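# Close look at the chain arrangement
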Amino acid sequence: MSTSLEAEKNVEKNAYQAGEAVPSEQDDLATYEIPPAETRKLLRTLDIHIAPVVMILYLIAFLDRANIGNAAVGGMTAELNFPANGLSVCTSIFYVTYVLFETPATTLLRTLRPSRLIPGVIIVWGATVLGNGFAQNYATVIACRLLLGMCEAALSPCLFLYMTTFYRREELGLRMCYLFIASAISGVIGGLIATGFLKMDGIHGLSGWRWLYIIEGALTIAIGFAVTFFIPDKYEDAKYLSERQMFLMHVRHAQTSAYSKDEGFSWVEVRKALTDPVIYLSGFIQLCFDVCLYGFATFLVVIVNQLGFNSVASQGITAPVYFVAALVYLVGALISDKYSVRYWLIMPLGLVTAVGYIILIGVKTSVAARLTACFLAGSGIYIAVGLHITWLGQNIAGFRKRSTSVGMQQTFGNMGGIIAGQIYRSTDKPLYLIGHACSLGFWVVGLLALTLEWYIWRSRNAARDAMTQEAKDKMDDQGIDGDHHHSFRYVL
């Protein structure tokens, strides 16, 4: 109670310091107009303190998850006597525990506190990666991948939910871009780091791929401990906000209360997510997209290696592919947030990715054409996956329903990682036609389903625009709230 009174006093103090009337009630806060210049300054403050943290965490997550491809090229599969499909199984097995623990992690994020949950799982998975560097057999690698999947399950969706507590719906597209730019950058950095670590082969009697795991694991552990001091549980705990900025955050929260409200864990809110059909459609689309994302991120270096480049050159050649993907996402996210558009960005770039896969399937001899196809495929994958997650998060109101919905979407979506590991089989090298053909199929089906999702959101908006006042009053009397309330409009 004392904390609440103190917060109210701070709000009053902030307003008085600005020389303004004091909005003391929730309704008054909701009608307060924030000057655009102050909004920009507040967003810069948030970005400076949040963006670097989430980008670093997402970057190390993808590095530690996808480095198995680099390790395989560096000789791990031969040294540990992997079976013929061993790399595919190790890639897929990661997502078994990943999808099992994703929804529980997102649903309980607020309860377990981000400042404890996120650093805790990072430290454990860092120790797992480090331990993988000392693996002596195939079974140990399998065990490490299972534990890694369980820990990383708490990161990606939780970081997105964490950002929804600081940013408005219309501001999330660019901020989610930070995450997926980090994942693309991880491809750039991962290839360059692997190039260096593989040259450490033989130092202290350890193979280069072992140094890759040991050093990356130690770095992850260090980041896990350090990040504890940089993740406030909610904006009220953010010490980097000035008194005036804290007041503005209270205003922003009041103005978006229907979207951001959180009255504690509620089975009613969880049930709303479980019974909304569009959540399952969104999950299916994410699965289709993630088959391509994880296949691309994990096997790109292997695909390039099979074009005739040696292991070191293969790591370096993948870097510009990821750089272009990151650049496309950044420009697309800026456009997406400025014009509040999602579908009409994902679809055309998705068609570019489809062309890339068609070239990979149809052209079998030209190295230049196949490398160009890798650039085309990557251009649409990252932005489609990232904007689609943002799209669902923007269109679900209420923190607990949103956390469950995003968790469900990501659970379905990350099953795509299991599929990706099985369609890119060692027995299909050097062309990997089955992997590319399956990826193309999933991608096209995903784009078609995305069109259906867009149509559903648009139809719901149109139905609400056409509602009579009597129908709105009836909805209010029935207590319908959140994203099903007549005042809520979906982003398209």
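Before reading further, recall that the structure is shown in the block above.
Residues numbered from 1 in each chain as written. Predicted model: local features only at pLDDT ≥ 70, side-chain atom pairs only at ≥ 80, totals over all residues. Heavy atoms only, no water.

### Let's talk about the pattern of salt bridges
Quick reminder of the rule: Definition used for salt bridges: Asp or Glu carboxyl oxygen within 4 Å of a side-chain nitrogen of Lys or Arg. A helix here means a DSSP run of H or I that spans at least four residues, while a strand means a run of E at least two residues long, and both kinds are numbered starting from the N terminus. A 1.4 Å probe rolled over the protein chains alone gives each residue an accessible area, and that area as a share of the maximum for its type sets the label: buried under 20%, exposed over 50%, partly exposed in between.
Tallied over the entire structure, the rule returns 13 salt bridges. One salt bridge connects arginine 65 with glutamate 152, and the closest N-O pair in it is separated by 2.9 Å. Of this pair, arginine 65 sits in helix α3 (residues 36–73) while glutamate 152 sits in helix α8 (residues 138–152), and the two are 87 residues apart along the sequence. The partner of glutamate 171 in a salt bridge is arginine 252, and the shortest N-O contact between them spans 2.8 Å. Remark: arginine 252 occurs in helix α12 (residues 243–255) and glutamate 171 occurs in the loop between α9 (156–164) and α10 (172–198); sequence separation between them is 81 residues. With relative accessibility at 4%, the residue arginine 252 sits in the buried group.

### Observations regarding empty space enclosed by the protein
Threshold: A cavity here means a set of points on a 1 Å grid, drawn over the protein atoms and nothing else, where a 1.4 Å probe fits but cannot get out; a pocket is an open set with protein on both sides within 12 Å along at least five of seven lines, and a residue lines either one if it has an atom within 4 Å of a point. Grid points are joined across faces, edges and corners, and a volume is the space filled by probe spheres set on the points. In the scheme used here, Gly and all other residues not listed as nonpolar or charged are polar, with Ala, Val, Leu, Ile, Met, Phe, Trp, Tyr, Cys and Pro taken as nonpolar and Asp, Glu, Lys and Arg as charged.
Using the criterion set out here, one finds seven cavities of 30 Å³ or more in the structure. Here the largest cavity defines a volume of roughly 160 Å³. The set of elements that each furnish at least two residues to the lining of the largest cavity consists of α3, α10, α15 (277–305) and α16 (311–339). When grouped by side-chain class, the residues that make up the lining of the largest cavity number eight nonpolar, nine polar and no charged.

### Observations concerning the packing of aromatic side chains
What counts here: For Phe, Tyr and Trp, where Trp contributes only its six-membered ring, two rings pair if their centres lie within 6.5 Å, and the inter-plane angle classes them as stacked under 30 degrees, edge-to-face over 60, or tilted in between.
Scanning all chains against the criterion turns up 22 aromatic pairs. Pairing phenylalanine 94 with tyrosine 98 gives two aromatic rings, centres 5.3 Å apart and planes at 40 degrees, and the pair type is tilted. Taken together, the residues span about one helical turn, with phenylalanine 94 and tyrosine 98 both in helix α5 (residues 86–107) at a distance of four residues. Across the pair, tyrosine 98 and phenylalanine 94 agree in class, each one buried. Both rings, one in tyrosine 343 and one in tryptophan 454, keep their centres 5.0 Å apart while their planes meet at 15 degrees; by these two values the pair is stacked. With tyrosine 343 in helix α17 (residues 343–362) and tryptophan 454 in helix α20 (residues 433–465), this pair connects stretches of sequence that are 111 residues apart. A relative accessible area of 5% means that tyrosine 343 is categorised as buried. Judged by its relative accessible area of 14%, tryptophan 454 falls in the buried class.

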